Amino acid sequence: MSAKEREESLNFGNGIDLIDTIKAVLESGNSVELNATGYSMFPTLRPGDRVIVKPFTKGELPKPGSVVVYRDNNALVIHRLIEVQNNNGEHVFITRGDSRQESDKPWTIQRLLGEAVSYKHAKMDHFVKTFIPGGWRYKYNRRILWVYFKTKRLLNCAFAYGLWPT
């Protein structure tokens, strides 16, 4: 999906932005369920997982190690909070996907939408664990992701050529 198609899919066609609607629901104190996309949070979250996001209460700051949802231009990002810095009285957040090599660019509290508390994978509910991965964990997760893609590709080839029973 191109960036333009993704942007159009987030717009209801009448000028109402889906991200603004999600933000309004969270600001009203209600939780939302979002569909995970991409592999940056692998193996914690996988594409298709249904993530429950709860709003923060007034004055509450997320704790390092929690998985937060923030707005990045016309997209929602679900990444783990690594660090909260105080920059001249303003909080700056550093996040990173569990299988990413580098941290995201720092961002401010105005972009924060909520915290991922649970997710549904393979018809089972799971709680999102709060922890700060060590440097080895990112390398390990990237290796698991590499093996996952290689296995998926081999199985697709086996099915395509009839080498694996259906």
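Just so we're clear, the structure is a prediction, and the values are computed from it rather than from any experiment. (Residues numbered from 1 in each chain as written. Predicted model: local features only at pLDDT ≥ 70, side-chain atom pairs only at ≥ 80, totals over all residues. Heavy atoms only, no water.)

Considering the pairing of strand E3 (residues 67-72)
As paired strands, E3 and strand E4 (residues 75-87) are joined by six bridges and run antiparallel to one another. Paired with Val 68 across the strands is His 79, a residue of E4. A loop of two residues connects E3 with E4, the two strands running antiparallel in sequence, and Asn 73 in this loop sits at a positive phi of about 55°. Of the pairings in the sheet, the one linking E3 to strand E7 (residues 112-121) comprises four bridges and is antiparallel in character. If you follow Val 67 over to E7, its bridge partner there is Ala 116. (Pairing = 2+ DSSP bridges. Helix = DSSP H or I, 4+ residues; strand = E, 2+ residues; numbered from the N terminus.)

A closer look at the nonpolar core
Counting 16 residues, the largest nonpolar core has Val 51 and Val 53 as the members making the most contacts within it. Take this core: its biggest share by element is three residues, from E7. What Val 53 contacts, discounting residues up to four positions off in sequence, is Leu 26, Ser 31, Val 32, Leu 34, Val 69, Gly 114, Glu 115 and Ala 116. Listed in part, the eight residues of the second largest apolar core include Phe 56, Tyr 70, Trp 107 and Leu 112. (Core = buried A, V, L, I, M, F, W, Y, C linked by side-chain atoms within 4.5 Å. Buried < 20%, exposed > 50% of the residue type's maximum accessible area, 1.4 Å probe, protein only. Contact = heavy atoms within 4.5 Å.)

Focus: the layout of surface pockets
What the second largest pocket holds in volume is close to 430 Å³. If you go around the second largest pocket, you meet 15 residues; those closest to its centre are Glu 27, Phe 56, Thr 57, Leu 112 and Leu 113. Among the elements of the structure, helix H2 (18-27) and E7 are those that each provide at least two residues to the lining of the second largest pocket. Of the residues contributing to the lining of the second largest pocket, the split by class is six nonpolar, five polar and four charged. (1 Å grid on protein atoms, 1.4 Å probe; cavity = no way out; pocket = protein on both sides within 12 Å on 5 of 7 lines; lining within 4 Å. Points joined across faces, edges and corners; volume = space filled by probe spheres on them. Nonpolar A, V, L, I, M, F, W, Y, C, P; charged D, E, K, R; others polar.)

Describing the environment of Ala 36
Considering the arrangement of structural elements, one finds Ala 36 in the loop between strand E1 (32-35) and strand E2 (50-54). C-alpha separation for the pair Ala 36 and Arg 50, spaced 14 residues apart in sequence, amounts to 6.2 Å. Not counting chain neighbours up to four residues away, the residues in contact with Ala 36 comprise Arg 46, Pro 47, Gly 48, Asp 49 and Val 51.

Considering the confidence of the model for the protein chain
Averaged over all residues, the pLDDT of the protein chain is 87; the fraction at 70 or higher stands at 90%. Looking across the protein chain, the model is least confident in helix H1 (residues 3-9), with a mean pLDDT of 47, and most confident in E2, with 97. Overall, residues 1-15 carries pLDDT values under 50, and its contacts beyond four positions in sequence, including any with other chains, amount to 11 contacts. (pLDDT = per-residue confidence, 0-100.)

Regarding helix H3 (residues 135-160)
In this model H3 runs 38 Å from its N-terminal to its C-terminal C-alpha over 26 residues, within 8% of the 38 Å that 1.5 Å per residue would give. By the burial criterion, the buried members of H3 are Tyr 138, Asn 141, Leu 145 and Ala 158. Elements in contact with the buried residues of H3: E4 and strand E5 (90-96). Where H3 ends, the next residue or the one after it, Gly 162, has phi of about 70°, a positive value. (Expected span 1.5 Å × (residues − 1).)

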